[in-house]
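Here's the letter readout for the chains.
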Amino acid sequence: MGESRFLMCPPTHYDVDYVINPWMEGNVQRSAKAVAAAQWQQLQGVLAGHARVEQLEPQPGLPDLVFTANAGVVVDDRVVLARFFHPERQGEEPWFQSWFESQGYRVTLLPADLPFEGAGDALLDRSGGWLWAGYGFRSELAAHPLLAEALAVEVLSLRLMDERFYHLDTCFCPLSDGTLLYYPPAFDFYSNRLIETRVPAAKRLVVGETDALAFACNAVNVGRSVILNQASAGLRHQLETRGYDVVETPLSEFLKAGGAAKCLTLRLDEPRLVTATATGAAGLQKAAGAGLKTGAGLGLQGPPPSSLSRTIRLQGHLLDSGLINRALDRIVEGGGSFQVLDFALGQQRHSTSSAAIRVSAPDGEVMADLMARLIALGALATADGECDAALAEVLQDGVAPDDFYVSTIYPTEVRLAGRWHRVGRQRMDGALVLRPDVPESTAMAQVECRLLRDLRAGEQVVVGVEGLRTLRPEPAREGREARQADFSFMAAGVSSERRVELVVEQMAWEWRRIRDRGGKVVVVAGPVVIHTGGGAHLAQLVREGYVQALLGGNAIAVHDVEQALMGTSLGVDLQQGLAVHGGHRHHLKAINTIRRCGSLAAAVEQGVLNQGIFHACVRRGVPFVLAGSIRDDGPLPDTEMDLIRAQAAYAQALEGAEMVLMLSSMLHSIGVGNMTPAGVKLVCVDINPAVVTKLSDRGSLESVGVVTDVGLFLSLLVRQLDRLNQAWQEAEISTPQAA
Ligand SMILES: NC(=O)c1ccc[n+]([C@@H]2O[C@H](COP(=O)([O-])OP(=O)(O)OC[C@H]3O[C@@H](n4cnc5c(N)ncnc54)[C@H](O)[C@@H]3O)[C@@H](O)[C@H]2O)c1
C-alpha cells in the first residue's frame, strides 16, 4: 500500500440511465451490471496496490456517483466542490460535500448557477504546479478565476472542442515528471498554443485518435505507474520508453457512460508545487500591480480575475430579433463563456428588452476580441451606467497606440465628456480619431475613422472598449414585416441557383427605383464578366444610366478593349467560344493600342474604341477607377499602380453609394467590402460560394449573395430591367434618368 489516497464509489447503482454525452447514446440500460462490478473491482485492486482507496457510499438514483473524479478539485486540504451542468447529476453534490466535510477538508462552494465539474475539468500540472482547467461543455470559464482564488494556484484555461471529449480528463493527462499525455484535436487552436508554450516538445506525448477513443488519456498516474483502460502497442512502447509502467485494466462497461479509470477515481492528496508561476490569483494581482509579468511571455497566463470577466449590456428587441442568441453564440465561438446576469423582457409589444451578461475570456487578448464582436452587435461594454471613451496619443505618424479600437462597418458613436458623438467616414479596420479642429457647432463629425497610415503624431485615438456603441437600428414589429417587401428580404443567406431569378427580380426593381430617383449605384467587376459574355449587358447598363461609377482592375478594361477591337477575350472568340489562331497576341495588342492613344478616353475620342463597357463609360461620363495589381499586363495608362492612391480613389467613388454590385472579382470586391459602411446595399455575384459568403456575411441586413455564373446573371438582370421598362411605359410612369 502506497501513501497516495484516492476516492472511489462502488458501482452498486451504476447504469446508463440517461444521455448527457455522446457515449451514452444507444447505451441506456445496456451496461452489464456484473461485468461493471467486476471491472470496477479490478481497477480498485490495481489502485490499492499503489495507494490507499477510500470509498464513498453509493446512492440509489445517482448512477454517475461512481465517477468520483467529478466530485470536486482537491489541492492540499482544500476542495472546490463541483456544480454539475446537467440536472441529472446535481443530486450528487450534497453527498460529495458531506463526505469532504466529514474528512476535515476546507470546502469551497461555487455559486449554484456556475457549472464546474471538479477534477474532470481541473488537473494539476505535476511539474509546473499550475492548474489546467477545461471549459466548453460542462464547466464554465467564469469558474476559473474562482478556482485560482480558492486554491491559490495559477489556472490555465483550455477550451474543449470535441463533444466526445467533454471533460478535460478524457483527453489530457499530466504525468509525474512533467510528461503530458494528450489528444490535441480535442482542443481549439489557442489552447494548443498554450499547451505548447508551457510543456516542452520533448515532454508532450500525443496520442492518436484510436487511443484517445479508448480513453487512454483517462489514465490514473501514481508514481511511475499509468493505469488505464487500454493502450495500443505504440502508446505502451512510448510510455515504457519514458520509464512508465503501463497497467491495463478493462473498463468497457464504464466507457458506455463516457468514463474510464480517471473518471472513476479522485486523487485526494494532490500535492501543490509552488513555483515562480504558481502564484495564484492574489499573487498575480500583486505581480500585475508591480508591473511584473509571469508565465511564458505570450501573455497567455491567467491575468488577475478582474480582467477575465466583464459585464456588458444589450438593449433592444433581443428575443424576436435573435440578437441575444447571436451575442451568446459570438461569445462561445470566440472562445469565451457567459452568464446571463439579468434579463428584463419588454412588457409591451413595442417595448425593448435589456440583458446584462457576464463575459469570461481566458485572457485579455481573447477578451478584447470578444468585446469588439459584441460592440459590433450593439452591446455596451459598461453594464452599470455609461462612461467616456479612453483616448491615447499617436506617438508616431502612421502608427496607432496599442489597444486602439478597430472600427467596423456599423455606424458608431463615441462618448466624450458625457456626450455621444457620431463617427464620421465610417469604414472597417480604421482607428477612431478626434478632430479638435472641427467646431462643436457644426454638423461635421468630431470623431472620424482613419486608416493607420493616415494617423499623425499628436492626434488622439480611441483605445479600449469603453464609451463606444454601434447603432444597429432594429425596426419595430410592423416595420420588420413591411421590410419583407423591401430589398432586405434577400438577406436570408446565400442564394442557391433556384433563387437566382427571384433575386434578379428584386434587384432589378430596386435598381430601377434608385436610378429613377437619381441615386448612386457602383459596380465592381472582374474580367470574368467579359469571358462569360456579360460585357455587352454591363455596357447596356452603363448606357442606360444604371451605373454611376465602375471599379475594377487592369484586366476588365483590357479584356473589354480586346473584345471591342478584335471580338476575342484572351484570344477566345466569344461568339463561337473557340480559340482564334494567334489569338493570344490579341490581349497585348489591345493594351498596346490604348497605350498608343494615351488613355481609354483618348481612344474613344480618337474613334479607335467604338464599343464595350469603357466606351459606354467615357461616352456617358461615368467615372471609373482601375486599381493595379501584381498580375497586370501593360498596364493600361488608366490603371493606377500606386495602391494607396487607388484605394483613395475607390473610397471617393464609393461615397454616397446606395448600392454596390460586385461582379466576379474576389480581389476588388473584398477591397470594396472593407471600405463600405453598413447601410449600403451590397449584391455579390460569384460562382464560388465561399467568396459570396465572405462578402455577404457582414451581419448587415443589406447584403445578399448570389452564387451563379456572372454572364447569366447579367443577361437575366438586363432582361428583367427591359420588362420593367415596358411595364413602366405601359403604366405611363416617367423614367427621367433613362437615356
Ligand atoms: N492581364 C491582366 O492584366 C490581368 C489578368 C487577370 C487578372 N488581372 C488582375 O488580377 C487581379 C485579380 O483578378 P480577378 O478579379 O479576375 O481575380 P479574382 O481571383 O480576385 O476573382 C475572380 C472571381 O471570379 C469568380 N468566377 C470565376 N468564374 C466565374 C463565373 N463564370 N461567374 C461568376 N464568377 C466567376 C471566381 O470565383 C473569383 O472569385 C485584378 O486586379 C485583375 O485586374 C490582370
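Throughout what follows, the structure given in this document is the object of discussion.

Conventions we followed
Residues numbered from 1 in each chain as written. Predicted model: local features only at pLDDT ≥ 70, side-chain atom pairs only at ≥ 80, totals over all residues. Heavy atoms only, no water. Phe/Tyr/Trp six-rings, centres within 6.5 Å; stacked < 30°, edge-to-face > 60°. Helix = DSSP H or I, 4+ residues; strand = E, 2+ residues; numbered from the N terminus. Buried < 20%, exposed > 50% of the residue type's maximum accessible area, 1.4 Å probe, protein only. Pairing = 2+ DSSP bridges. Near = heavy atom within 4 Å. Polar contact = N/O pair within 3.5 Å; in protein donor to acceptor, adjacent residues only side chain to side chain. Areas by Shrake-Rupley, 256 points an atom, 1.4 Å probe, with all protein chains shown as cover. Salt bridge = Lys/Arg side-chain N within 4 Å of Asp/Glu carboxyl O. Arc of directions from axis to C-beta. Axes fitted to C-alpha atoms, helices over the stretch in contact; angles between N-to-C directions. Contact = heavy atoms within 4.5 Å. Right-handed = clockwise from strand over helix to strand, strands pointing away.

1. Some words on the packing of aromatic side chains
Stage number 1. Counting across every chain of the model gives 13 aromatic pairs.
Stage number 2. Ring centres 4.6 Å apart and planes at 35 degrees place the aromatic pair Tyr14 and Phe254 in the tilted group. In this pair, Tyr14 sits in the loop between β1 (4–8) and α1 (33–48) while Phe254 sits in helix α8 (residues 252–255), placing the two residues 240 residues apart along the sequence.
Stage number 3. Using a relative accessible area of 1% as the deciding quantity, one classes Tyr14 as buried.
Stage number 4. Between Trp23 and Phe215 the ring centres are 5.0 Å apart and the planes differ by 80 degrees, which places this aromatic pair in the edge-to-face class. Taken as a pair, Trp23 in the loop between β1 and α1 and Phe215 in the loop between α6 (209–213) and β12 (220–222) lie far apart in primary sequence, 192 residues in all.
Stage number 5. Since its relative accessible area comes to 17%, Trp23 is described here as buried.
Stage number 6. Three or more aromatic residues link up through ring pairs in this structure, and these residues are Trp130, Trp132, Phe172, Tyr182 and Phe187.

2. Here we look at the pairing of strand β35 (residues 681–686)
Strand residues, when the strand is regular, have side chains that alternate between the two faces of the sheet.
Stage number 1. With 6 of its 6 residues buried, β35 lies for the most part within the structure.
Stage number 2. The pairing of strand β34 (residues 659–663) with β35 spans 5 bridges and is parallel. By the bridge assignment, Val660 is partnered in β35 with Leu682.
Stage number 3. Where β35 and strand β36 (residues 703–707) come together, 5 bridges link them in parallel fashion. Along β36, the bridge assignment pairs Val685 with Val706.

3. Looking at the site of the ligand
Stage number 1. Close to the ligand lie 23 residues; Ser665, Leu667, His668, Asp686 and Asp709 are nearest.
Stage number 2. One nitrogen or oxygen atom from the side chain of Asp633 is found 2.8 Å from a nitrogen atom belonging to the ligand.
Stage number 3. One nitrogen or oxygen atom from the main chain of Val710 is found 2.9 Å from a nitrogen atom belonging to the ligand.
Stage number 4. Contact with the protein chains removes 83% of the 850 Å² of surface that the ligand exposes when unbound.
Stage number 5. Contributions of two or more residues to the shell around the ligand are made by α16 (554–566) and α21 (666–675).
Stage number 6. Here the shell around the ligand gets 3 residues from one element, more than from any other, and that element is α21.

4. Quick look at the pattern of salt bridges
Side-chain pairing between opposite charges can occur once the charged atoms of the two side chains come close.
Stage number 1. Enumeration over the complete set of coordinates arrives at 36 salt bridges.
Stage number 2. Arg224 is the salt-bridge partner of Asp177, the closest N and O atoms lying 3.9 Å from each other. Here Asp177 is found in the loop between β9 (172–174) and β10 (180–182), whereas its partner Arg224 is found in the loop between β12 and β13 (225–228), with 47 residues between them in sequence.
Stage number 3. A single salt-bridge network, built from bridges that share partners, covers Arg425, Arg435, Asp437, Glu448, Arg450, Glu459 and Glu655.

5. A word on helix α3 (residues 93–102)
Stage number 1. For α3, the set of buried residues is Glu93, Phe96, Trp99 and Phe100. Down the axis of α3, the smallest arc covering the buried residues is 135 degrees, so these residues share one side.
Stage number 2. Two residues or fewer after α3 comes Gly104, characterised by a positive phi angle close to 85 degrees.

6. A few points about the sheet that holds strand β3 (residues 72–75)
Stage number 1. The strand order across the open sheet formed by 3 strands is β3-β4-β5, and the pairing between neighbours is mixed. In the strand order of this sheet, the two ends are held by β3 and β5 (106–108), each with one partner. Taking each pair of neighbouring strands and ignoring which way they run, the sheet shows an average axis angle of 20 degrees.
Stage number 2. α3 contacts β3, β4 (78–81) and β5 of the sheet and is inclined by roughly 170 degrees relative to β4.

7. Focus: the sheet that holds strand β30 (residues 572–573)
Stage number 1. Read from one edge of the open sheet, 3 strands run β29-β30-β31, paired in antiparallel fashion. For this open sheet the edge positions go to β29 (568–569) and β31 (578–579), each flanked by a neighbour on one side alone.
Stage number 2. Relative to β31, β30 runs antiparallel, the two being bridged by 2 bridges. Considered in β31, the bridge of Asp573 is made with Leu578.

8. Digging into the pairing of strand β7 (residues 131–135)
Stage number 1. A large share of β7 lies buried, amounting to 5 of its 5 residues.
Stage number 2. The alternating pattern of β7 places Leu131, Ala133 and Tyr135 and Trp132 and Gly134 on opposite faces, both of which are buried.
Stage number 3. Between strand β6 (residues 122–124) and β7, which pair antiparallel and follow one another directly, the connecting turn spans 6 residues, one of which, Gly129, has a positive phi of 90 degrees.
Stage number 4. Of the pairings in the sheet, the one linking β7 to strand β8 (residues 155–159) comprises 5 bridges and is parallel in character. Of the residues in β8, the one forming a bridge with Tyr135 is Arg159.
Stage number 5. Taken together, β7, helix α4 (residues 143–151) and β8 form a β-α-β motif whose crossover is right-handed.

9. Remarks on the environment of Asp125
Stage number 1. Mapped onto the fold, Asp125 is located in the loop between β6 and β7.
Stage number 2. By relative accessible area, which is 7% here, Asp125 ends up buried.
Stage number 3. Expressed as a C-alpha distance, the spacing of Asp125 and Leu175, which sit 50 residues apart in the sequence, is 7.8 Å.
Stage number 4. In terms of polar contacts, Asp125 uses its side chain to reach the backbone amide nitrogen of Gly128, at 2.7 Å.

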